[in-house]
Amino acid sequence: MASSEIQIPSEDSSDLSGGGRVAVLVQGIMERIRSEDEDDRIQGAREIRRLTKTSAKHRRYLSESIEPLVSMLRYGSPESGEAAMLGLLNLAVRDERNKIKIVDAGALEPLIYFLESTNSCLQEYATASVLTLSATCVNKPKISASGAIPLLVKILKDGNRQARIDAMMALYNLSTIPNNLNTLISLQPIPAVIKLLRSCKKSSRTHEKCCALLELLMGFEEGRAALTFEEGGVLTVVEVLEGGAPSSREHAVGALLTMCESDYSRYRDIILKEGAIPGLLELTIQGTPTSQAKAHQLLDLLRSTSQQRSGIQADAFQNIVSDIVSRIDGDDRAGKAKKMLAEMVQISMEQSLRHLQQRAVLCTPKELPVGGRPSGVHSK
């Protein structure tokens, strides 16, 4: 077995564009990964991983190694499987054709096997591989049919941190197929999504995709009930309104709006209880156009009862907010607006609380209007 590394010229080399030298070197790697000696195959796979880590050209030159790497994944030892998996992973990164070729070569079956591995490293690499392959629309139906979704949810609940992040991202990719949402909601993923959402940076892509997946799952009654029963679940979404990235806030307000629109009497008080109003008011000023529209819709629902929708109309509310902003000068315009709005909301909520306390003294529970009764679903 040769121990020296095969050297492919760098991307700055003129030999890359048309020389036979590259073909000879690629052939040398191919001979290694097709060798009868397992150590040779492992070294060849590791060399592929190294060469394709940052080079799009090397991914193209070495795409013919996909089938022998998949064969290693299927029939080799755990060490061989790990080397093959990491080689395939780098071949697939930022290369749509290689992603499709890897799935077509039969990689899903052994990857599913590694998703179930008790070896946390192998499970993590398999999860990263499924995530990468699921980024291509052509692969999504095949991955869905392979039985990956239940295993990804299990990893989201029980895997190591990186595996949980990759599992969540892969589930989001697969959620673009509508039928997959039915499968996903039946596996009760929301507690795990909320746990991951709380733990990741608010500026991260993971945070955004957690919020996006939650918004999709709020389209199901099982999802809405699971979020309200999860301790701090609704509060976690409400906190995104004030502290998340613009895209995360857009998904968060969308999730809360879906809840309130689905069953106003059931979810209105729960959302109010968690203090959503300040964040919603801030979104009407600072949010994306979609966030602003949804925040206005949700505020309109939250301020009203199902029997009486009078009071401040949407255009009047907009005038009030605009007036507050227009009267603020200086560089810290948004910060001052937020402070004033928060103070306004605090006063309004204190007045509402006093009003409710007065009604509680005057009315028996039976006489309380529907909007004043406790909701049938409570946050734990």
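Residues numbered from 1 in each chain as written. Predicted model: local features only at pLDDT ≥ 70, side-chain atom pairs only at ≥ 80, totals over all residues. Heavy atoms only, no water.

Colleague: Is there a simple way to think about the UniProt feature "repeat: ARM" (unreviewed entry) in the protein chain in this case?
Modeller: Those places that UniProt annotates as "repeat: ARM" (unreviewed entry) correspond, in this numbering, to residues 147–175. Each end of residues 147–175 is marked by a C-alpha atom, and these two atoms are 14 Å apart; helix forms 86% of the span and strand 0%. (UniProt positions renumbered as here; feature names shortened; annotations may be inferred. Helix = DSSP H or I, 4+ residues; strand = E, 2+ residues; numbered from the N terminus.)

Colleague: Where do I start with the environment of serine 291 in this structure?
Modeller: Topologically, serine 291 is positioned in helix 20 (residues 289–303). Taking the C-alpha atoms as reference, serine 291 lies 8.9 Å from leucine 280; in sequence the two are eleven residues apart. Not counting residues up to four positions away in its chain, the partners in contact with serine 291 are Pro246, Arg249, Glu250, Val253 and Leu283. A polar side-chain atom of serine 291 sits 2.9 Å from a polar atom in the side chain of threonine 288. (Contact = heavy atoms within 4.5 Å. Polar contact = N/O pair within 3.5 Å; in protein donor to acceptor, adjacent residues only side chain to side chain.)

Colleague: Can you walk me through the packing of aromatic side chains in this structure?
Modeller: Each aromatic ring pair is characterised by the separation of its centres together with the angle its planes make. Under the defined criterion, the tally for this structure stands at one aromatic pair. Aromatic side chains tyrosine 113 and phenylalanine 114 sit 5.5 Å apart centroid to centroid with 70° between the ring planes, which places their arrangement in the edge-to-face category. For tyrosine 113, a relative accessible area of 58% puts it in the exposed group. The aromatic ring of tyrosine 61 is capped on one face by arginine 60, whose charged end is 5.3 Å from the ring centroid. (Phe/Tyr/Trp six-rings, centres within 6.5 Å; stacked < 30°, edge-to-face > 60°. Buried < 20%, exposed > 50% of the residue type's maximum accessible area, 1.4 Å probe, protein only. Lys NZ or Arg CZ within 6 Å of the ring centre and 35° of its normal.)

Colleague: Help me understand unusual backbone geometry, please; the structure alone is not making it clear to me.
Modeller: A negative phi angle is the norm for most residues apart from glycine, just as the trans form is the norm for most peptide bonds. Although it is not a glycine, arginine 94 sits at a positive phi angle of roughly 55°. Relative to the assigned elements, arginine 94 resides in the loop between helix 5 (78–92) and helix 6 (96–104).

Colleague: So what exactly am I meant to see when it comes to the side chain of histidine 251 here?
Modeller: Structurally, histidine 251 can be placed in helix 17 (residues 246–262). For histidine 251, a relative accessible area of 17% corresponds to the buried category. In contact with histidine 251, not counting residues within four places along its chain, are Glu208, Cys211, Ala212 and Glu215.

Colleague: Would you mind going over the pattern of salt bridges with me for this structure?
Modeller: Counted by the stated rule, this structure contains 13 salt bridges. Arginine 46 is the partner of glutamate 79 in a salt bridge, and the nearest nitrogen-oxygen pair spans 3.2 Å. Here glutamate 79 is found in helix 5, whereas its partner arginine 46 is found in helix 2 (residues 38–51), with 33 residues between them in sequence. Judged by relative accessible area, which is 43%, glutamate 79 ranks as partly exposed. One salt bridge connects arginine 50 with glutamate 47, and the closest N-O pair in it is separated by 2.7 Å. Of this pair, arginine 50 and glutamate 47 both sit in helix 2, three residues apart, which is roughly one turn of the helix. The exposure class assigned to glutamate 47 is buried, which follows from its relative accessible area of 4%. Put simply, Glu221, Arg224 and Arg266 are held in one network by salt bridges that share partners. (Salt bridge = Lys/Arg side-chain N within 4 Å of Asp/Glu carboxyl O.)

Colleague: What's the story with the nonpolar core in this structure? I'm lost.
Modeller: Buried together is how nonpolar side chains tend to be arranged in soluble globular proteins. Leu256 and Leu280 are the most contacted members of the largest nonpolar core, which has 93 residues in total. The dominant element in this core, judged by the number of residues it contributes, is helix 11 (residues 161–174), at eight residues. In contact with leucine 256, other than residues within four places in its own chain, are Val234, Val237, Val238, Leu241, Ile271 and Leu298. (Core = buried A, V, L, I, M, F, W, Y, C linked by side-chain atoms within 4.5 Å.)

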